[in-house]
Amino acid sequence: MSTGNIIVLNGTSSAGKTTIARELQALLHEPYLLTGIDHFLQQLPRSYFVCSDGVNPLSADGWLLVFRDGELAELPCIGPMGFRVLAGMYAAIGAYVRAGNHAIAEDAIYNAHVLRAAVNALHDLPAYFVGVRCDLAVAMQRERERADRALGGARVFHARVHAHGNYDFEVDSTSATASECAQQIRNWLATAPPPRAFKLLHQIIGAYDG
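Fair warning: this is a prediction, and the values are worked out from it, not measured in the lab. (Residues numbered from 1 in each chain as written. Predicted model: local features only at pLDDT ≥ 70, side-chain atom pairs only at ≥ 80, totals over all residues. Heavy atoms only, no water.)

Draft legend 1. Molecular detail of the overall build of the protein chain. The helix and strand inventory of the protein chain stands at eight helices and nine strands. The globule rule puts the C-alpha radius of gyration for 210 residues at 17 Å, and the 17 Å found for the protein chain is close to it. C-alpha atoms of the protein chain, sized along the principal axes, occupy 50 × 40 × 30 Å. Looking at the protein chain as a whole, 46% of its 210 residues qualify as buried. Put simply, 71% of the contacts in the protein chain that link residues at least 6 apart link residues at least 24 apart. Here the protein chain displays about 10,400 Å² of accessible surface, and carbon together with sulfur accounts for 54% of that area. (Helix = DSSP H or I, 4+ residues; strand = E, 2+ residues; numbered from the N terminus. Rg over C-alpha atoms; globule rule 2.2 N^0.38 Å. Buried < 20%, exposed > 50% of the residue type's maximum accessible area, 1.4 Å probe, protein only. Contact = heavy atoms within 4.5 Å. Areas by Shrake-Rupley, 256 points an atom, 1.4 Å probe, with all protein chains shown as cover.)

Draft legend 2. Molecular detail of helix α4 (residues 112–122). Within α4, burial applies to V114, L115, A117, A118, V119, A121 and L122. With a side-chain oxygen positioned 2.7 Å from the backbone nitrogen of H113, the residue opening α4 is N111. (Polar contact = N/O pair within 3.5 Å; in protein donor to acceptor, adjacent residues only side chain to side chain.)

Draft legend 3. Layout of the pattern of salt bridges. The final tally for this structure, using the stated rule, is three salt bridges. For the salt bridge of E74 with R68, the shortest nitrogen-to-oxygen distance reads 2.9 Å. Residue E74 is classed as partly exposed on the basis of its relative accessible area of 34%. One salt bridge connects E170 with R133, and the closest N-O pair in it is separated by 2.8 Å. Of the two residues, E170 sits in strand β9 (residues 169–172) while R133 sits in strand β8 (residues 127–133), which places them 37 residues apart along the sequence. Residue E170 is classed as partly exposed on the basis of its relative accessible area, which comes to 37%. You can call R133 partly exposed: its relative accessible area is 30%. (Salt bridge = Lys/Arg side-chain N within 4 Å of Asp/Glu carboxyl O.)

Shown next, in the form of structure tokens:
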């Protein structure tokens with residue numbers, strides 16, 4: 001059985017990842033499952049997510065979300081159960097691809113332990129790591145216009161999601177439409193070399209651990 005491919009789209013909240021992924025699904029000849037962080041977190045009980053003012057409480061087993069003036073004020077703090085969920089998410093996506101299926105996964109990876117989980121699960125697969133860049137002001141404006149989630153996510157994630165600095169390919173959704181970004185990815189995939197970002201990150205992490 002041949003292994004499928006996976007395209008991981010990583011970028012800040014409201015950068016347009018989901019819309020780009022749906023456009024890309026329509027362009028690719030073979031069927032790709034759309035999955036990722038929202039897909040998994042939306043299926044969890046609300047008790048996994050604890051809201052705080054930054055003082056009480058100070059921790060959570062799942063996710064601690066600090067709000068001030070009605071906006072997310074800090075990067076969500078991930079507890080032990082949250083890390084297990086995210087490690088399981090990437091392991092599940094990896095298993096799906098190993099069974100011969102294709103997938104597009106989206107995430108906003110801001111935590112080094114989550115990046116490690118993704119790298120450990122995907123580095124030995126045909127996994128392309130694609131950065132979705134977007135100027136902060138534009139992402140924040142889109143976030144306000146969406147009105148389907150708490151404000152503040154675009155701002156708190158923006159500086160951290162690309163900190164690892166390694167991608168196979170990047171698009172910029174600041175002025176390009178989702179359709180244009182998807183077309184750029186598809187055109188690149190047509191002649192792309194074998195993926196290397198996750199393999200390189202695995203080597204870096206391994207060297208650091210050693």
